[in-house]
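Architecture and fold: a report
Here are the chains, one letter per residue:
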Amino acid sequence: DHTFRGVTRGRAPLFTFIRMKTISITVNGKQASANVEPRTNLADFVREHLHLTGTNIGCEHGVCGACTIEVDGGPARSCIAYAVACDGATVRTIEGFGADVTMSALREAFSAEHALQCGYCTPGMLITARDIVLRLPDADDTRVREELAGNLCRCTGYVGIVRAIRRVLDQNKR
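Residues numbered from 1 in each chain as written. Predicted model: local features only at pLDDT ≥ 70, side-chain atom pairs only at ≥ 80, totals over all residues. Heavy atoms only, no water.

**Quick word on the overall build of the protein chain**
Regarding its fold elements, the protein chain presents five helices and seven strands. Put simply, the protein chain runs from its N terminus to its C terminus through helices and strands in the order β-β-β-β-α-β-β-β-α-α-α-α. Dimensions of the protein chain along its principal axes, counting C-alpha atoms only, are 70 × 35 × 20 Å. Residues classed as buried in the protein chain amount to 43% of the 174 residues present. Entry remark: accessible area of the protein chain is about 9,400 Å², with carbon and sulfur atoms responsible for 50%. Across the protein chain, 21 positive and 19 negative side-chain charges occur, with their mean positions spaced 4 Å apart. (Helix = DSSP H or I, 4+ residues; strand = E, 2+ residues; numbered from the N terminus. Buried < 20%, exposed > 50% of the residue type's maximum accessible area, 1.4 Å probe, protein only. Areas by Shrake-Rupley, 256 points an atom, 1.4 Å probe, with all protein chains shown as cover. Lys, Arg positive; Asp, Glu negative; His and termini not counted. Charge placed at Lys NZ, Arg CZ, Asp CG, Glu CD.)

Pasting the structure below:
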């Protein structure tokens, strides 16, 4: 597959040639294949090609964490990951955690601890929180805050988010 894009410089139109790449990714347990431009980021791929719009795009520089999804078992910034680089990967967006026990506990704790306000950061925050709970079962408040440093929330002040994560960590110790 090929895509031609017209570019005008002065009076003569110039054309650039973009070679499309076929990728195959397992997303939320289902195989997904598509022809994409090499510059397509993973966030745009899941949103535009697969219509999974739970992944939000904030800064487009990998700084805010709103686009965090799970790639091959770990959190990743989908706005700076090229879809072609994820060919063959296993990806889970927020929509793919419906039956996940840890995610369910986190959703309940986020609600109980008032860790939600506008909700824009919530999908990425939940995926990062899940990683913290599974990877760092003995994390204290300071460590939880350090781990959340890559996920920005402009509404909550993080107090409720930290309490929610600690609530799940404490529940898991019982």
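Back to the text.
**Considerations on the sheet that holds strand E7 (residues 90-92)**
Reading across from one edge, E4-E3-E7-E5-E6 is the order of the five strands in this open sheet, with mixed pairing throughout. Edge positions in the sheet fall to strand E4 (30-36) and strand E6 (74-77), since each of these pairs with one other strand and no more. Going from strand to strand, the sheet's axes swing by 40° on average, the running direction of each strand aside. Pairing between strand E3 (residues 21-27) and E7: two bridges, direction parallel. Note on E7: the bridge partner recorded for valine 27 is valine 91. (Pairing = 2+ DSSP bridges. Axes fitted to C-alpha atoms, helices over the stretch in contact; angles between N-to-C directions.)

**Quick notes on the nonpolar core**
Membership of the largest hydrophobic core comes to 26 residues, with the highest contact counts inside it found for Leu106, Phe110, Met125, Val144, Leu148, Ile161 and Ile165. When contributions to this core are tallied by element, the ones reaching two or more residues are helix H2 (101-112), helix H3 (122-135) and helix H5 (159-173). Those residues within four positions of valine 144 in sequence are excluded, and the remaining contacts are Ile132, Ala139, Val162, Ile165, Arg166 and Leu169. Counting residues in hydrophobic clusters, the runner-up holds 17 residues, among them Ala34, Leu52, Ile69 and Val91. (Core = buried A, V, L, I, M, F, W, Y, C linked by side-chain atoms within 4.5 Å. Contact = heavy atoms within 4.5 Å.)

**Quick notes on H3**
When the terminal C-alpha atoms of H3 are compared, their 19 Å separation across 14 residues agrees well with the 20 Å that a helix rising 1.5 Å per residue should span. Within H3, 12 of the 14 residues are buried, which leaves the element mostly enclosed by the surrounding structure. Within H3, the full set of buried residues consists of Thr122, Pro123, Gly124, Met125, Leu126, Ile127, Thr128, Ala129, Arg130, Asp131, Ile132 and Val133. Elements in contact with the buried residues of H3: strand E5 (68-71), E6, E7, H2, helix H4 (141-147) and H5. (Expected span 1.5 Å × (residues − 1).)

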